[in-house]
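Listed below are the residues making up each chain.
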Amino acid sequence: MSMLLVQALNGLQFGVLLFLVAAGLSLVFGVMDLINLAHGVQYMLGAYVAATLGVWTGSFWLGALLSLPVALLVGLALEWLVFRHLYRRDHLSQVLATFGVILTVEEATRALWGSAPQTVLEPSGLTGGPMGGVEIVAGLIYPTYRLVIIGVGIVVPLLLWFLVERTRAGMLVRAGATHPAMVSALGVDIRRLFTVVFAFGAMLAGFAGALASPIFPVAPGMGDTVLILCFVVIVIGGVGSIRGAFIAALLVGLLDSVGRAMLPDLLRLVLDPSSARQTGAALASMLVYIVMAAILFFRPAGLFPGGRSA
Amino acid sequence: MNRRSFLTTTAATATLAATGGFAFAPSIARAQSQAVKVAFVGTLSGPGAALGTHLRDGWLAGVKRLDNQLGGRAVETLVIDDELKPDVAVSKVRAALERDKVDFVVGVVFSNMLQAIVRPVTESNTFLITANAGPSTLAGKGCSPFLFSSAYQNDQPHATMGQAAQDLGYKRVFILVPNYQAGKDAVAGFRSRYKGEVVDEIYVPLSQLDFSTEVTKIAAAKPDAIFTFMPGALGVNLVRQYRQAGLANIPFLSTFTVDESTLPAQGEAALDFYTAATWAPNFDNPQSRRFVQEFEAAYGYVPSNFAAHAYDAAHMLDAAIRRTKGDVADKAALRTALEVGDFPSVRGALRLGPNHFPIQDFWLCKVAKRADGKFQTETVRKVLTADADSYAASCKMG
């Protein structure tokens, strides 16, 4: 039974990481009605910059901290170069253009850093070793860093909620999402507002990348796998809803971890061991998508429809 | 389509550099009359690119060591990126055969790429030297007089690890592999020589990001050792997580999981983890020492098995062409010369079996930190001596 608890903890931590990536995407998607496939490469850049600066400065934490302004600047530059011209276009153009950004940034990353996975410093004093973790079950150390991620994953959504729901800037963002023409008529520079929202989303993606860098491999293409799951999270949670994204991310994380842990064993009750293993593995990797399909069937707008009313 | 393939006119590089010019086309035209043309095929973009880079650099280091000559004739390498797409590989290789009239095709990281190009190449009576991929079909029934390997048959490293687990007396082993053909082959290879109990076999999707679930299961099963095959970024992730979870006291037996292509990212986390190989950078023979030294000076990283096998491929061709006195047109003579297989290898002495795959020793290696702070694999002990793959018997060559 304690193993199931550990698996739930694993799922929680994975879900929280997914939320951090998905939050920025959901914000941009919900507020600006912009499908940004390049969100994944912004996440990747955050991880690469954090890894490199971490090695340079000799501290993972310093590297992660310094990667935030870099991610923000990259977000601003991308917005100015590409995304600004896409707000009024239809979704297909956005998908095409942002896919182009993916290819460009991926190749640029490869040219700059090479194709091999990057060296990432261990977050000092936190990971591994007898001092850096909690022994939850005999023989298994749960690294403190992963507990820290869970903590961050609870604080960030609260901050986001406060920012969007309780501040003047948040009010403008919400108003800009539903009635851009009216907000503009009231004398608010909607363009600048969008730029700020986009850059903030990019920074969130970079932050998630930096945070994930000691856990996930920092290698070309690392953004793609996460991006797909993020879209699942957003679709389940309801487009543009931070609360929905949070709950959906936890759901996806838990489903994925617990499914992988339990399904092969459950199937063994009805199948012979070797086919149970392989069917179980295949089924576990599909589980998230099956659940997404089911949720969309009953609630086509997701669990917490929010954002744009039109 | 030609966007990524570019000419490395090794023969002309020196002159080009000296004149500072970029007179590309004329120098190729001039070289065409005398240079031996080799198409190097490898995966140089996408997630598998790190291995392709090792393979390519190994080949180029070999050619450079031989003064840009093979058997006394100038050599020109055409580097082709197969992009890990069979159709792309075939069309680029066809172009190299028909338009560029290459004399040899070398390289190939992934087995499915080799399987895609093997017929177009061998059916045009061109020699194909695989410096890594060695699928069972091509070592057995599908063997060809025009196909040679400077590496191994795919099953051999996994079987080596199975034998090592057996020798080390591990009674209960936990297996963890990706859910695709190569993963299943790894399990079969390991089990062909390991006779103990397999506590559990877990198959994970290739797109797996996090191994917490599996690491937890391993901790619960408390095996004597684990066996895993997690190439590339998957392996980086698993190794770090395994270490962080405090499981490193359970021996980590692996194939293609901790090697010089992933060690820079794994670092300390991979220390003392095991792998099976034909060669390691600490091999103590003159050919190997010189290879490691020159390779590191030129490319700035520690060479892997991939690089070593490609380096050997250059020497394999060099020895054969020397034997035919520079004649690459007489295919029968060239085949006989290649079959002699008496080239200086970084692995010491080896010979070729009837299916043109090497008969060689396999080693248990483990990750060590060098005095200069870099990580490399080092030999622990020899596991298999003069091992021939099990498919050679079903190879009937004309």
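Everything numeric here is computed off the predicted structure, so don't read it as measured data.

A.B. asks: Explain the overall build of chain B to me, please; I cannot follow it from the model alone.
C.D. replies: Each helix and strand counted, chain B has 14 helices and 15 strands in total. Rg of the C-alpha trace for chain B: 21 Å, near the compact-globule value of 21 Å for 398 residues, within the 12% margin. Counting only C-alpha atoms and orienting by the principal axes, one finds that chain B spans roughly 65 × 50 × 40 Å. Restricting to contacts in chain B with at least 6 residues of sequence separation, those with at least 24 account for 72%.

A.B. asks: Sorry if this is basic, but what is going on with the overall build of chain A here?
C.D. replies: Within chain A one finds eleven helices and two strands. Going from N to C terminus, chain A has its helices and strands arranged as α-α-α-α-β-β-α-α-α-α-α-α-α. For a compact globule of 310 residues, the expected C-alpha radius of gyration is about 19 Å, and chain A comes in at 20 Å, within 12% of that figure. In terms of its C-alpha atoms, chain A occupies a principal-axis envelope of roughly 65 × 50 × 35 Å.

A.B. asks: Any chance you could explain the nonpolar core here in plain terms?
C.D. replies: In terms of nonpolar packing, the biggest core is built from 224 residues, with L18, L20, V21, A22, V233 and A249 of chain A touching the most fellow members. Counting residues per element, this core draws most heavily on helix 1 (residues 2-32) of chain A, at 17 residues. Each of domain 1 (6-152 + 284-356) and domain 2 (155-277 + 362-387) of chain B accounts for three or more of the residues forming this core.

A.B. asks: Sorry, what's going on with the packing of helix 2 (residues 39-57) of chain A against helix 9 (residues 222-237) of chain A here?
C.D. replies: Each pair of packed helices gets described by two things: the angle between the helix axes and the distance between those axes. Residues and elements named next belong to chain A. Put simply, helix 2 and helix 9 touch, their axes get as near as 8 Å, and they point 130° apart. Considering the angle they form, helix 2 stands oblique to helix 9. Between helix 2 and helix 9 the crossing geometry is right-handed. Counted together, H39, G40, V41, Y43, M44 and A47 of helix 2 and M222, G223, D224, V226 and L227 of helix 9 form the full contact between these two elements.

A.B. asks: I would appreciate a short explanation of helix 3 (residues 60-81) of chain A in the present structure.
C.D. replies: Owing to its 3.6 residues per turn, the α-helix aligns residues three or four sequence positions apart on the same side. End to end, helix 3 of chain A covers 31 Å across 22 residues, agreeing with the expected 32 Å (1.5 Å per residue, within 8%). Buried-residue contacts for helix 3 of chain A involve helix 2, helix 4 (91-113) and helix 8 (190-212) of chain A.

A.B. asks: Just to check I follow, could you spell out unusual backbone geometry for this structure?
C.D. replies: Leaving glycine out, the prevailing phi sign among residues is negative, and the prevailing peptide bond configuration is trans. Residue and element names in this part refer to chain B. Look at D67: it is not a glycine, yet its phi comes out positive at around 55°. Looking at where D67 falls in the secondary structure, it is placed in the loop between helix 3 (49-65) and strand 3 (69-70). A positive phi is found at F256, a non-glycine position, where the angle reads about 55°. For F256, the location among the structural elements is in the loop between strand 11 (252-254) and helix 11 (263-266).

A.B. asks: How should the interface of chain B and chain A be read in this particular structure?
C.D. replies: By a frequent convention, interface size equals the accessible area lost on bringing the separate parts together. On the chain A side, the residues contacting the 31 residues of chain B number 33 residues. In terms of residue count, helix 9 (residues 212-221) of chain B provides more of the side of chain B that touches chain A than any other element does, six residues in total. Each residue belonging to the side of chain B that touches chain A can be placed in one class, and the counts come to 14 nonpolar, twelve polar and five charged.

A.B. asks: Mind showing me how you'd approach the pairing of strand 9 (residues 197-204) of chain B here?
C.D. replies: In summary, the side chains of a regular strand alternate between the two faces of the sheet. All names here are of chain B. Pairing analysis gives seven bridges linking strand 8 (residues 172-178) to strand 9, with the strands arranged parallel. By the bridge assignment for strand 9, V177 is matched with Y203. On the question of chirality, the crossover connecting strand 8 to the parallel strand 9 by way of helix 8 (residues 181-193) is right-handed.

A.B. asks: Just to check I follow, could you spell out the confidence of the model for chain B for this structure?
C.D. replies: Do not read the fine detail of predicted coordinates wherever pLDDT is low. All names here are of chain B. Mean pLDDT over chain B works out to 89, with 91% of the residues at or above the 70 mark. Low pLDDT, under 50, characterises residues 1-33; the stretch is placed with 35 contacts to residues that sit more than four places away or in other chains. The ipTM, which scores confidence in the relative placement of chains, is 0.77 for this predicted complex, and the corresponding pTM is 0.82.

A.B. asks: How should I be thinking about the pairing of strand 12 (residues 274-277) of chain B in this particular structure?
C.D. replies: Residues and elements named next belong to chain B. Residues Y274 and A276 point to one face of strand 12 and T275 and A277 to the other, with burial holding for every one of them. By the bridge criterion, two bridges tie strand 11 to strand 12 in an arrangement that is parallel. Note that in strand 12 the partner of S254 across the bridge is T275. When strand 12 meets strand 14 (residues 358-369), the two strands line up antiparallel, connected through four bridges. Bridge pairing in strand 14 places T275 opposite C365.

A.B. asks: Would you take a moment to explain the domain arrangement of chain B for this structure?
C.D. replies: All names here are of chain B. Looking at chain B, the domain boundaries give domain 1 (6-152 + 284-356) and domain 2 (155-277 + 362-387). Computed from C-alpha atoms alone, the centre-to-centre distance between domain 1 and domain 2 is 29 Å. Listed per partner, the contact involves 13 residues of domain 1 and twelve residues of domain 2. Elements with a minimum of two residues in the side of domain 1 that touches domain 2: helix 3 and helix 13 (305-323). In terms of residue class, the side of domain 1 that touches domain 2 is built from eight nonpolar, five polar and no charged.

A.B. asks: Mind showing me how you'd approach the confidence of the model for chain A here?
C.D. replies: Of all residues in chain A, 94% have pLDDT values of 70 or greater, and the mean over the chain is 85. Within chain A, no element has a lower average pLDDT than strand 1 (residues 133-137) of chain A, which sits at 71, and none a higher one than helix 2 of chain A, at 92.

A.B. asks: Help me understand helix 10 (residues 242-267) of chain A, please; the structure alone is not making it clear to me.
C.D. replies: Residues and elements named next belong to chain A. End to end, helix 10 covers 36 Å across 26 residues, agreeing with the expected 38 Å (1.5 Å per residue, within 8%). The largest bend along helix 10 measures about 40° and falls at G259. Counting buried residues along helix 10, 19 of its 26 residues qualify, which places the element largely inside the surrounding structure.

A.B. asks: It is not clear to me how the packing of helix 10 of chain A against helix 9 of chain B should be interpreted in this structure. Could you clarify?
C.D. replies: Running from amino to carboxyl end, helix 10 of chain A crosses helix 9 of chain B at an angle of 40°, the nearest separation of the two axes being 9 Å. Handedness of the crossing formed by helix 10 of chain A with helix 9 of chain B: right-handed. Residues S257, R260 and A261 of chain A of helix 10 of chain A touch helix 9 of chain B, and the partners they reach there are S212, T213 and K217 of chain B.

A.B. asks: Explain the environment of A159 of chain B to me, please; I cannot follow it from the model alone.
C.D. replies: Residue and element names in this part refer to chain B. Note that A159 resides in helix 7 (residues 155-167). For the pair A159 and D259, spaced 100 residues apart in sequence, the C-alpha separation works out to 17 Å. Setting aside chain neighbours within four positions, we find A159 in contact with G189, S192 and R193.

A.B. asks: Just to check I follow, could you spell out the environment of S288 of chain B for this structure?
C.D. replies: All names here are of chain B. Within the element layout of this structure, S288 appears in helix 12 (residues 286-299). The exposure class assigned to S288 is buried, which follows from the 22 C-beta atoms found within 10 Å. Separated by 157 residues in sequence, S288 and A131 place their C-alpha atoms 17 Å apart. Discounting chain neighbours no more than four positions away, the residues touching S288 are F283 and V346.

A.B. asks: So what exactly am I meant to see when it comes to the environment of Q118 of chain A here?
C.D. replies: With respect to the secondary-structure elements, Q118 of chain A resides in the loop between helix 4 and strand 1. Take Q118 of chain A: there are 23 C-beta atoms within 10 Å of it, and that puts it in the buried class. With 51 residues separating them along the chain, Q118 of chain A and A169 of chain A place their C-alpha atoms 38 Å apart. Setting aside residues up to four positions removed in sequence, Q118 of chain A forms contacts with Y48, A51, W113, V218 and A219 of chain A together with A265 of chain B.

Criteria and cut-off values
Residues numbered from 1 in each chain as written. Chains lettered and ligands numbered in written order. Predicted model: local features only at pLDDT ≥ 70, side-chain atom pairs only at ≥ 80, totals over all residues. Helix = DSSP H or I, 4+ residues; strand = E, 2+ residues; numbered from the N terminus. Rg over C-alpha atoms; globule rule 2.2 N^0.38 Å. Contact = placed C-beta atoms within 7 Å. Core = buried A, V, L, I, M, F, W, Y, C linked by C-beta atoms within 7 Å. Buried ≥ 20, exposed ≤ 12 C-beta atoms within 10 Å, placed from the backbone. Domains from an automatic or database assignment. Axes fitted to C-alpha atoms, helices over the stretch in contact; angles between N-to-C directions. Parallel < 35°, antiparallel > 145°, perpendicular 65-115°, else oblique. Left-handed = near helix turned anticlockwise from the far one by under 90°. Expected span 1.5 Å × (residues − 1). Nonpolar A, V, L, I, M, F, W, Y, C, P; charged D, E, K, R; others polar. Pairing = 2+ DSSP bridges. Right-handed = clockwise from strand over helix to strand, strands pointing away. pLDDT = per-residue confidence, 0-100. Bend = angle between axes of the 7 residues up to and from the residue.

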